[in-house]
Amino acid sequence: MLAVIIGGLGMLQRRLARGDTDVGRFVDGAAEAAHRAATLTQRLLAFSRRQPLSPQPLDANRMVGGMSDLLS
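The structure contained in this document is the topic of the report that follows. (Residues numbered from 1 in each chain as written. Predicted model: local features only at pLDDT ≥ 70, side-chain atom pairs only at ≥ 80, totals over all residues. Heavy atoms only, no water.)

### Comments concerning helix 1 (residues 2–17)
Thinking step 1. Look at helix 1: 22 Å from first C-alpha to last across 16 residues, which is about the 22 Å you get at 1.5 Å a residue.
Thinking step 2. Every buried residue of helix 1 is listed here: Val4, Ile5, Gly7, Gly8, Gly10, Met11 and Leu12. (Helix = DSSP H or I, 4+ residues; strand = E, 2+ residues; numbered from the N terminus. Expected span 1.5 Å × (residues − 1). Buried < 20%, exposed > 50% of the residue type's maximum accessible area, 1.4 Å probe, protein only.)

Listed below in structure tokens is the structure:
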């Protein structure tokens, strides 16, 4: 999770250094990854306390599509 955040912020820095202003998708990607990391941390803490979890469906296509810049 942190690799996605750090990678997105690294690409953001490179784009800004070149004078690119179209960087919203990198900010959005890093924010979404941070949110996923927070959710994962919450679930791990709930598991360690043996609290019941409430699983939710995941759109894998959307998740992978959001990481396309990082993957390429």
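Let's pick the thread back up.
### Some remarks on the pattern of salt bridges
Thinking step 1. In this structure the tally under the stated criterion is four salt bridges.
Thinking step 2. A salt bridge links Asp20 to Arg18; its shortest N-O distance comes to 3.6 Å.
Thinking step 3. Of the residues examined, Asp20 reaches a relative accessible area of 27% and is grouped as partly exposed.
Thinking step 4. Linking Arg62 and Glu32 is a salt bridge whose minimum nitrogen-to-oxygen distance equals 3.3 Å. Note that Arg62 is positioned in helix 3 (residues 60–66) and Glu32 in helix 2 (residues 24–48), a separation of 30 residues in sequence.
Thinking step 5. Residue classification places Arg62 among the exposed residues on the basis of a relative accessible area of 53%.
Thinking step 6. When its relative accessible area of 32% is taken as the criterion, Glu32 is described as partly exposed.
Thinking step 7. One continuous salt-bridge network, built from bridges that share partners, spans Arg15, Arg18 and Asp20. (Salt bridge = Lys/Arg side-chain N within 4 Å of Asp/Glu carboxyl O.)

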